[in-house]
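# Observations on the three-dimensional arrangement
What follows is each chain in one-letter form.
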Amino acid sequence: MKKNILLFISVLTFIQLNSQTKTFNSLLQRHVSKKGNVSYKAFKKDEAKLDKYLSFLNKTSPNKNWSTNKQKAFWINVYNAYTIKLILENYPLKSIIDINYNGKTAWKIPFVKVGGKAYTLDFVEHEILRKKLFDPRIHVGVNCASVSCPKLLNSAFTEKNIEDKLNQLMKEFINDATKNIISKKKVYLSKIFEWFINDFNKNGTLIDYLNIYSNKKITADTEVNYLKYNWLLNGK
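To start, this report covers the structure provided alongside it. (Residues numbered from 1 in each chain as written. Predicted model: local features only at pLDDT ≥ 70, side-chain atom pairs only at ≥ 80, totals over all residues. Heavy atoms only, no water.)

### Quick look at the sheet that holds strand β5 (residues 181-182)
For clarity, the threshold we go by: Strands were regarded as paired on the criterion that DSSP finds at least two bridges between them. In this text, helices come from DSSP runs of H or I with a minimum length of four residues, and strands from runs of E with a minimum of two, each type numbered from the N-terminal end.
If you walk across this open sheet you meet the three strands as β5-β6-β7, and the pairing is mixed. Looking at strand neighbours, the two that pair on one side only are β5 and β7 (223-226), the edges of this open sheet. Pairing geometry for β5 and strand β6 (residues 186-189), over two bridges, is antiparallel. When the sheet's bridge partners are listed, Ile-182 is paired in β6 with Val-187.

Now the structure itself:
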């Protein structure tokens with residue numbers, strides 16, 4: 001009997017997760033362009049639908065039996081959905097760095113509710129995604145609602161699509177001349193590669209990692225520089 005109940009709960013959670021992820025997916029497709037620009041003004045009108053998805057997240061937490069990709073997709077969606085919610089609550093604004101709640105920046109506010117627990121965006125990114133589910137491509141999956149961020153994907157992540165989507169996003173990001181300027185002699189990279197260099201050189205050098213995705217191959221002799229980060233809102 002106990003096994004049957006657990007199986008029923010597992011199946012129900014699976015159905016609900018798929019349904020609610022589709023809801024978030026439809027919101028992203030409606031309000032985020034293929035280039036990652038967000039129409040926050042229009043999104044604001046659909047905030048009730050986003051709230052419904054967030055309510056689901058508050059009642060759900062990843063099962064230990066979930067695959068790594070399923071957990072990764074779940075937590076990246078969590079990060080992005082709550083970041084959007086934070087922007088909508090403070091909209092209109094020029095930048096996410098303008099948000100401050102009692103001395104806490106956007107990333108330090110414990111407003112991310114998952115499975116009945118409260119988290120900060122920093123905890124989700126650094127303690128769950130980077131530490132427990134390590135993958136350098138996480139940095140193009142999570143979105144900080146800013147111009148210099150890798151683009152916000154206009155669809156939700158799932159267990160099935162996450163590998164292809166993260167590879168696609170990393171390739172697009174590295175080869176986007178507005179985010180990274182690459183030539184054989186000199187490169188100007190996003191600050192993300194400087195801030196999290198230990199993630200990108202874990203299995204080789206930063207140059208090795210860039211060459212996996214870059215259309216222009218570079219060498220160990222290539223001069224590496226970093227671009228100023230633009231924190232203006234990634235809105236239309």
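Structure shown, so let's carry the discussion forward.
### A look at the packing of helix α4 (residues 68-90) against helix α7 (residues 162-174)
Worth spelling out the cut-off: Orientation is described by axes fitted as lines to C-alpha atoms, over the contacting stretch for helices, and by angles from 0 to 180 degrees between their N-to-C directions. Angles are sorted into four bins: roughly parallel if under 35 degrees, roughly antiparallel if over 145, roughly perpendicular if 65 to 115, and oblique for all others. By the convention used here, residues are in contact when the closest approach between their heavy atoms is within 4.5 Å. Under the scheme applied here, ten amino acids are nonpolar (Ala, Val, Leu, Ile, Met, Phe, Trp, Tyr, Cys and Pro), four are charged (Asp, Glu, Lys and Arg), and all others, including Gly, are polar.
Interhelical geometry of α4 versus α7 gives an angle of 55 degrees and a closest axis separation of 10 Å. Compared by their axis directions, α4 and α7 come out oblique. Across the interface between the two elements, Asn-69, Lys-72, Ala-73 and Ile-76 of α4 pack against Ile-162, Glu-163 and Leu-166 of α7. Among the residues making up the contact of α4 with α7, the classes are represented as four nonpolar, one polar and two charged.

### Here we look at the state of the cysteines
Rules: Criterion for a disulfide: a pair of cysteine sulfur atoms within 2.5 Å.
All chains considered together, the criterion is met by one disulfide. One disulfide in the model links Cys-144 with Cys-149; its S-S distance is 1.9 Å. Torsion about the S-S bond of the Cys-144 and Cys-149 cystine: about -80 degrees, corresponding to left-handed handedness.

### A few points about the environment of Val-142
The test is simple: Burial classification: accessible surface area is computed with a 1.4 Å probe over protein chains only, and a residue below 20% of its type maximum counts as buried, one above 50% as exposed, and the rest as partly exposed.
Mapping Val-142 onto the fold places it in the loop between α6 (138-141) and α7. When its relative accessible area of 7% is taken as the criterion, Val-142 is described as buried. Linking Val-142 and Asn-211, residues 69 residues apart in sequence, is a C-alpha distance of 22 Å. With near-sequence residues (within four places) excluded, Val-142 lies in contact with Ile-76, Tyr-79, Asn-80, Glu-125 and Leu-129.

### Digging into the packing of aromatic side chains
For clarity, the cut-off: Between rings of Phe, Tyr and Trp, where Trp is taken as its six-membered ring, a pair exists when centres lie within 6.5 Å; planes separated by under 30 degrees are stacked, by over 60 edge-to-face, and by other angles tilted.
Within this structure, the stated rule accounts for 15 aromatic pairs. Taken together, a centroid distance of 5.6 Å and an interplanar angle of 65 degrees make the contact between Trp-107 and Trp-231 edge-to-face. Placement of Trp-107 in the loop between β2 (104-105) and β3 (112-114) and of Trp-231 in the segment after β7 is noted, with a sequence separation of 124 residues between them. Since its relative accessible area comes to 14%, Trp-107 is described here as buried.

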